[in-house]
Amino acid sequence: MPVVQKNLKPPQLKSESNGVHSTAVTVENLVRAAIKKHGSPVMIIRRSVLEKQYNRFKKSLPDVTPYYAIKANPHPAVIKAFIALGAGFDVASAAEMKLVLKQGASPSKIIFANTIKTGDDIAFAQRRKVRLMTFDNEPELYKLAKHYPGAHVLVRIKVANHGSVVELSLKFGADPEHAFLLLRKAKTLGLVPMGISFHVGSQAKNVENYVQALEISSDIFNEAEENGLPLKIMDIGGGFPIQHFDNEVGINFERMASQIRRQIRTKFDKSVRFIAEPGRFLVGPAGILVTQVIGRTFRNNKNYYYINDGIYADFSGMVFDHSRYEFKTLRRGQKFLSTIAGPTCDSFDTLSVNEEIPELYVGDAVYVKNIGAYSCASAAANFNGFPPAKIILV
Ligand SMILES: *Cc1c(COP(=O)(O)O)cnc(C)c1O
């Protein structure tokens, strides 16, 4: 065990106007307590931050119901926390649907938001009365009509993903020019056309993508209305960005939300129901990953530290989510340029080659904040025999 400072009292909490910055000492105490109780690696998910993020969302976009996209972090306790807060859920498969239903989610507050679904999964949705789903192509409509006549459908349109860290428009979305025709086709096939959805890409820092996508969508709403097919639901998707680093600039959810809100109020009728599918925004800031140094050496004129979690497990977001993280330690003192690597027998499992951190010893903690989304969710179960972090909610 590392030598730790004991009895550090948390200071008075500063007013947390921007929501996510607990004081460093509070986090350090959580890190120490988690290692003491659970060992490591351990993923701490803070309920208070889940709630804070949910409330930030609701406060800034009061007319938009968030459907938490569980792929960001499908831990049952996270799902339960969002059920208690009143969220809906975005699922992409029957297995995800089963998971949220099992935690007690209402089928009427679930959207099956994968535009490509298997027939079996569609039939499952019908059995469990999950009626709302997205599509972006005609063959999907035939499938839906066959396996779930009367399903409520949103056409997902392809919109700009400029500046988003994770690009989604390369794989999904109908040409907006075809949106109305697809909705009309849905109707002739016995489905119920309800509206439009889009996704501007994940970690979407450029609010213009939302503003433009809403503009395009409102044109389709008007086109549908004029042609006797009034639409009722506008799904603005996910993508809402978070800060991964303490001093990251250029991310201001509240400012983005105010522009989205203005667009909603000016471009759409009051009767339109708005939903969104935030994933990262709701769960990312709640996660703190705690690891420990399991080995160290000095190579290439640098300190090398091997920690007990890596790219195959809870740092999988470095691959799949194009994410970078801020590594923190509990030690103070002079900092040295260091490399941090994961535990597996693969050089690819190197997490950073240029961290400025104090000298560390075997057993010392290395932790990362804002890592609750797209981390444990995509971790390989046991590559090379190293298990992913135990997840705890505090
Ligand atoms: C991944 C995904 C989301 C969540 O995206 P975030 O960027 O985490 O908010 C929402 N909707 C769909 C369809 C997705 O694929």
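Residues numbered from 1 in each chain as written. Predicted model: local features only at pLDDT ≥ 70, side-chain atom pairs only at ≥ 80, totals over all residues. Heavy atoms only, no water.

Peer 1: Just checking my understanding: could you explain the nonpolar core for this structure?
Peer 2: Of all hydrophobic cores here, the largest spans 99 residues; its most connected members are Phe-198, Met-234, Ile-236, Phe-240 and Phe-315. Per-element tally for this core: the top contributor is helix α8 (residues 208–226), with seven residues. Counting contributing residues, this core receives three or more from each of domain 1 (22–45 + 287–393) and domain 2 (48–278). In this structure, Val-31, Ala-34, Ile-35 and Tyr-367 belong to the second largest nonpolar core, which totals twelve residues. (Core = buried A, V, L, I, M, F, W, Y, C linked by side-chain atoms within 4.5 Å. Buried < 20%, exposed > 50% of the residue type's maximum accessible area, 1.4 Å probe, protein only. Helix = DSSP H or I, 4+ residues; strand = E, 2+ residues; numbered from the N terminus. Domains from an automatic or database assignment.)

Peer 1: I tried to follow a negative patch on the surface on my own but got confused; where do I start?
Peer 2: A cluster of acidic residues, Asp-219, Glu-223, Glu-225, Glu-226 and Asp-269, forms a negative patch at the surface. By the element assignment, Glu-225 lies in helix α8. (Patch = residues over 30% accessible without salt bridge, like charges linked within 9 Å, V, L, I, M, F, W, Y side chains within 5 Å. Areas by Shrake-Rupley, 256 points an atom, 1.4 Å probe, with all protein chains shown as cover. Salt bridge = Lys/Arg side-chain N within 4 Å of Asp/Glu carboxyl O. Lys, Arg positive; Asp, Glu negative; His and termini not counted. Charge placed at Lys NZ, Arg CZ, Asp CG, Glu CD.)

Peer 1: I tried to follow helix α1 (residues 24–38) on my own but got confused; where do I start?
Peer 2: Working note: α-helix, 3.6 residues per turn, so residues spaced by three or four point in the same direction. Here α1 spans 21 Å end to end across 15 residues, near enough to the 21 Å set by a 1.5 Å rise per residue. The inward-facing, buried residues of α1 contact β1 (42–45), β12 (287–299), β14 (327–329), β17 (365–368) and β18 (390–393). The positive-phi residue at the C-terminal boundary of α1 is Gly-39, with phi of around 70 degrees. (Expected span 1.5 Å × (residues − 1). Contact = heavy atoms within 4.5 Å.)

Peer 1: Looking at this structure, how should I read the pattern of salt bridges?
Peer 2: Two side chains carrying opposite charge are able to pair once their charged atoms lie near each other. Enumeration according to the criterion identifies 14 salt bridges in this entry. With a closest N to O distance of 3.0 Å, Glu-28 and Arg-332 form a salt bridge. Linking Glu-28 in helix α1 with Arg-332 in the loop between β14 and β15 (335–341), this pair joins segments that are 304 residues apart in sequence. Classification of Arg-332 as exposed rests on a relative accessible area of 54%. With its nearest N and O atoms 2.7 Å apart, the salt bridge here joins Lys-143 to Glu-140. Pair noted here: Lys-143 and Glu-140 are both in helix α6 (residues 138–147), with a separation of three residues, about one helical turn. Overall, Lys-143 belongs to the partly exposed group, its relative accessible area being 25%.

Peer 1: When you look at the site of the ligand in this model, what are you seeing that I'm missing?
Peer 2: By nearness alone, 14 residues border the ligand, and Lys-71, Ser-202, Gly-239, Glu-277 and Tyr-374 come closest of all. One nitrogen or oxygen atom from the side chain of His-199 is found 3.2 Å from an oxygen atom belonging to the ligand. In the environment of the ligand, an oxygen atom lies 2.8 Å from a nitrogen or oxygen atom belonging to the backbone of Gly-239. Within the complex, the protein chains bury 92% of what would otherwise be the 390 Å² of accessible surface of the ligand. In terms of residue class, the shell around the ligand is made up of four nonpolar, five polar and five charged. (Near = heavy atom within 4 Å. Polar contact = N/O pair within 3.5 Å; in protein donor to acceptor, adjacent residues only side chain to side chain. Nonpolar A, V, L, I, M, F, W, Y, C, P; charged D, E, K, R; others polar.)

Peer 1: Could you clarify how one ought to interpret the sheet that holds strand β10 (residues 233–235) in this entry?
Peer 2: In any sheet, the strands associate via hydrogen bonds between backbone groups, in a parallel or an antiparallel arrangement. Taken in spatial order, the eight strands line up as β2-β3-β4-β5-β6-β8-β10-β11 and close into a barrel, and their pairing is parallel. Along the sheet, successive strands turn relative to each other by an average axial angle of 30 degrees, direction set aside. In this fold helix α4 (residues 94–102) packs onto β3 (88–91) and β4 (110–112), with an angle of close to 160 degrees to the strand it touches most, β3. (Pairing = 2+ DSSP bridges. Axes fitted to C-alpha atoms, helices over the stretch in contact; angles between N-to-C directions.)

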